[in-house]
Amino acid sequence: MRIRRTASLLVLLASLAAATSAHQTRIYWADEVPTGWAGVWAPDLLTVAERTHYTRTVSTIQLHEWIAALKLKSDKVHVVNMFTSPMRKVAPAIVIGSPRITSPQQARQSGKPVVFLLGNIHPPESEAAEALMMVARDLATGKHKAVLDNLIVMIAPVYNVDGTDTFVTQDGSLGSETPHIQGIRENSQGLDLNRDAVKLATVEGNGLARTLNTWDPLLFLDGHLMSRVNHGYANTYGTTTVPAAAPGPRDYMHDVLFPAVREMTRKQFGLEVFSHALATPNTFPPQAWSHDRAAWTVEAKFVVNDYGLRNRFAIITETPGQPTFERRIYAQYAYVTALLEYVAAHAKDMQAIVKAADDKTVADVLAGAEAGTLRNFLDGEYQSAGKIDVLAYRTNEPAYKPGTSLMSTKAGTASGVPETVHNVDDLTKPVGTRTAWVPRAYLLTADMADIAEKLRAHNIKVTVTDKAMRVEGEEFVIDTLRKVRSAGYDMTTLDGAFRKVATKEFPAGSFYVDMAQPMANATFYYLEPQARDGFVGWWVFDEHLKQLGAGNKSGVVYPVFKVKANKAGS
Ligand SMILES: [Zn+2]
C-alpha cells in the first residue's frame, strides 16, 4: 500500500480498514486511476472519450463507425440491430464470440451462456457506454481469453440512441462537469426507458425485449451514474429486488457473486465497490445504508428489476458523480471486467441455478396452483440485513441538486479518502409483503388481444383456445379505481376483492395463459390486479377499465380470470 505523504492518521486508518485483501492492494480513491489503465490502441480503435482526453462522449453515428473499425480487426464480432428508433437511429448490440456467433440458435448450440451489457439507457450517464466499448475492444482483440472460451458477450453501449444524439451542454447536476456535451435522459417521446420495463410503451423497450427474448441472456447488466454521493465507493451494484422474482438467482448474486466480484475488483483494479445505496442520514456518521434517497424500489419498472422476473441474473451498476469522467469510466470498466471473469469461471454453476429456478417455477405451479396453496408476492419493502461497515465522508455537506428540491451533496465535499463507519444498519434486503394466490392459468376474453400481445412481448406464452372452456376459479370485483401519484407517475390502483366462481364459460378464441411456464412469476406480477406496479398500475388496462365503467359503477369485474381448474366435460 502506498499512502500519500499528506495523509492524516484518520486517512491512514481508513485505508488500512478498507484494504482488507491479503495482498497489499493499492486502493485508488476519488479521482485516481492507474497510469495507462486503458492500454495502447490504434487510432481507429480509440473511443471518443480517449480521443478527447475524457471531455466528450460517443454519439450513435460514432458508435457505428467505431464498430465498423472493430469488425475490420477482429474475427469475433457480429452486430445485431435491436431496433430503429422514432428518430430513425439504429441501436446496435455487438455480439462477441470465439468462434463468432451470428444467431441465437448458434448461441444455444454452443452451450455457452450469453451475457448482455447495456449502456446509455440514461445518456447523461455515459461512462458505462464508454467502458463497455473498451470491454468490447478487449474481448474482440483477444484479451481475457477465458471470457470468450466460456461466454458469448453481447454489448449494447448506446441503448437510448435518440436521447444520446440530443447533444445538450451539461449543467453539472449529476456531478463532474465532463463530458461537456451529452444526451438527455429521456427518449424522443420524453419517456424514461428505465421506467418502461413493464408497460413497454416505447419502440426502444420493445426492441430490447425482443433481443432478450431471442438471445435469452443468463445475465443482464445495465450501467448508470448516480449524482454526487456521500459514500466512498468507486462503483455500486444491485440486483433485482422484486419480491415476486425467483429467489435462487437473486440469493446467489447477493450471497456469492457480489462478494466475490467485489474482492476481484479490489485486487485487480484497486477499487472499493459495494452495494447500490446511500448513507443515511446525509450527515456524518451515517446510521443506515439505504435505498431511501437512491430512487431504487422493489418495483419492476426498472429493466434490471424486471429481468429478475425471468428467473435470470441481473445487475445495475451506479458509479458516483463527483469523480472525473475518466475515473467513472475506469470504475465501470473495472467492475464489468471483473464480473465477466467471474461469470466465465462459474458459467456452469450459474446456468444450473437458472435451470433450477425455471424448473421450480413450473413444478410449484403444477403442485400448488390447483390446490390453492401456491402464493406469490404483490409488493415488498426493504428491511435490515444486519450491521455492516461502510465507507463514508465526514466532509459530506448536504445541498440541493441544482434546479431541484432533491437533497444531494455539495460540490467539492465528500471527496478524497473516505472513513470506515462501523455498525451501520444495512436496509437493503427486499422482503415480500402482500401476497395473492397463484392460479393454474389466467383466461382473457377475445377482446383482450392488446393484453395478449403485451404478454407475448414479455416472452410469455399465450395460446388461443380452439373450443369453449368451462372453468372454476376466482375473479376480482372492482370497488374503486384511483390514480395514485408515485415517483412522478399516476399509477392506476384498484380496490376491491376476489370472489370464487364455481363455473364460468369462455368461448373459443379466448386467450389462455398456462402458468406451468418459466415466465409464471412475471405473468403473475403483470396480471394480478393489485400488484405494486403490474399492467394495471402502468395503465396497460386503462382503456378496458374505462369501457367497463370501473370506478363509475359498482360490481365491475377485472377482465382477467384466475383459473383454478378446468371443469370435467368441458
Ligand atoms: Zn440512471
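These numbers come from a predicted model, not from an experiment.

Engineer: Run through the overall build of the chain, naming residues and quoting values.
Structural biologist: Across its full length, the chain carries 15 helices and 27 strands. Computed over C-alpha atoms, the radius of gyration of the chain comes to 24 Å, within 12% of the 25 Å expected from 2.2 N^0.38 for 570 residues, which places it in the range of a compact globule. Along the first, second and third principal axes, the C-alpha set of the chain runs to 85 × 55 × 45 Å. Counting every position in the chain, which comprises 570 residues, the buried fraction comes to 51%. A fraction of 79% describes how many contacts in the chain between residues 6 or more apart in sequence connect residues 24 or more apart.

Engineer: A description of the nonpolar core should follow, citing residues and the corresponding values.
Structural biologist: Counting 162 residues, the largest nonpolar core has Val-153, Met-154 and Ile-155 as the members making the most contacts within it. The element contributing the most residues to this core is helix α11 (residues 325-345), with 14 residues. Counting contributing residues, this core receives three or more from each of domain 1 (9-31 + 42-430) and domain 2 (440-566). Ignoring anything within four residues of it in the chain, the contact list for Val-153 reads Ile-96, Val-115, Leu-117, Leu-139, Val-147 and Leu-340.

Engineer: Kindly report on the domain arrangement of the chain, identifying the contributing residues and their values.
Structural biologist: Examined at the domain level, the chain breaks down into domain 1 (9-31 + 42-430) and domain 2 (440-566). Between domain 1 and domain 2, the C-alpha centre-to-centre distance is 33 Å. Those elements that place two or more of their residues in the side of domain 1 that touches domain 2 are α8 (203-215) and α12 (347-368). With 5 residues, α12 is the single largest residue contributor to the side of domain 1 that touches domain 2. Residues that form the side of domain 1 that touches domain 2 fall into these classes: 15 nonpolar, 6 polar and 7 charged.

Engineer: Report on the sheet that holds strand β9 (residues 273-275), specifying residues and quantitative values.
Structural biologist: Pairing in this open sheet of 8 strands is mixed, and the strands run β1-β2-β4-β3-β7-β12-β8-β9 from one edge to the other. With one partner strand each, in any of the chains shown, β1 (77-84) and β9 form the two edges of the open sheet. Between one strand axis and the next, the sheet turns by 20 degrees as a mean value, whatever way the strands run. Pairing between strand β3 (residues 114-118) and strand β4 (residues 152-156): 5 bridges, direction parallel. The residue of β4 that forms the bridge with Phe-116 is Met-154. Strand contacts of helix α9 (residues 247-269): β8 (235-238), β9 and β12 (313-319), with the helix running at about 165 degrees to β9, the strand carrying the most contacts.

Engineer: With reference to specific residues and values, describe the pairing of strand β21 (residues 441-444).
Structural biologist: Because side chains alternate across β21, one face comprises the buried residues Ala-441 and Leu-443, and the other comprises Tyr-442 and Leu-444, equally buried. Relative to strand β27 (residues 561-566), β21 runs antiparallel, the two sharing 3 bridges. Residue pairing for β27: Ala-441 is matched across the bridge by Val-563.

Engineer: With reference to specific residues and values, describe the packing of α9 against α12.
Structural biologist: Interaxial distance between α9 and α12 falls to 8 Å at its minimum, and their mutual angle equals 150 degrees. Comparing the axis directions of α9 and α12 gives the class roughly antiparallel. Only Ile-353, Val-354, Ala-356 and Ala-357 of α12 make contact with α9, whose side of the interface consists of Gly-248, Pro-249 and Tyr-252. Looking at the contact of α9 with α12 residue by residue, the classes come out as 6 nonpolar, 1 polar and no charged.

Engineer: Run through unusual backbone geometry, naming residues and quoting values.
Structural biologist: With omega at -5 degrees, the peptide bond leading from Thr-280 into Pro-281 counts as cis. Tracing the chain through its elements places Pro-281 in the loop between β10 (278-280) and β11 (288-290). For the bond running from Phe-284 to Pro-285, omega is -5 degrees, close enough to zero to count as cis. The topology assignment puts Pro-285 in the loop between β10 and β11. Look at His-53: it is not a glycine, yet its phi comes out positive at around 50 degrees. Its location among the elements puts His-53 in the loop between α2 (48-51) and α3 (60-72). Accessibility expressed as a C-beta count within 10 Å gives 10 for His-53, which makes it exposed. Although it is not a glycine, Phe-167 sits at a positive phi angle of roughly 55 degrees. Mapped onto the fold, Phe-167 is located in the loop between α7 (161-164) and β5 (168-169).

Engineer: Summarise the pairing of strand β2 (residues 90-96); cite the residues concerned and give the values.
Structural biologist: In terms of residue burial, β2 counts as a mostly covered element, since 5 of its 7 residues are buried. Here β1 pairs with β2 via 7 bridges, running antiparallel. When the bridges of β2 are listed, Val-77 appears paired with Ile-96. Between β1 and the antiparallel strand that follows it, β2, lie 5 residues; Arg-88 among them carries a positive phi value of about 65 degrees. As defined by bridge partners, β2 adjoins β4 across 3 bridges and the pair is classed as antiparallel. Paired with Ile-96 across the two strands is Val-153, which belongs to β4.

Engineer: Can you tell me about the packing of α9 against α11, naming the residues and giving the values?
Structural biologist: Orientation of α9 relative to α11, taken along the N-to-C sense of each, is 120 degrees, at an axis distance of 9 Å. As far as their axial angle goes, α11 and α9 are oblique. The chirality of how α9 crosses α11 is right-handed. Along its contact with α9, which presents Leu-257, Ala-260, Val-261, Met-264, Thr-265, Gln-268 and Phe-269, the element α11 presents Ala-334, Tyr-335, Ala-338, Leu-339, Glu-341 and Tyr-342.

Cut-offs applied
Residues numbered from 1 in each chain as written. Predicted model: local features only at pLDDT ≥ 70, side-chain atom pairs only at ≥ 80, totals over all residues. Helix = DSSP H or I, 4+ residues; strand = E, 2+ residues; numbered from the N terminus. Rg over C-alpha atoms; globule rule 2.2 N^0.38 Å. Buried ≥ 20, exposed ≤ 12 C-beta atoms within 10 Å, placed from the backbone. Contact = placed C-beta atoms within 7 Å. Core = buried A, V, L, I, M, F, W, Y, C linked by C-beta atoms within 7 Å. Domains from an automatic or database assignment. Nonpolar A, V, L, I, M, F, W, Y, C, P; charged D, E, K, R; others polar. Pairing = 2+ DSSP bridges. Axes fitted to C-alpha atoms, helices over the stretch in contact; angles between N-to-C directions. Parallel < 35°, antiparallel > 145°, perpendicular 65-115°, else oblique. Left-handed = near helix turned anticlockwise from the far one by under 90°.

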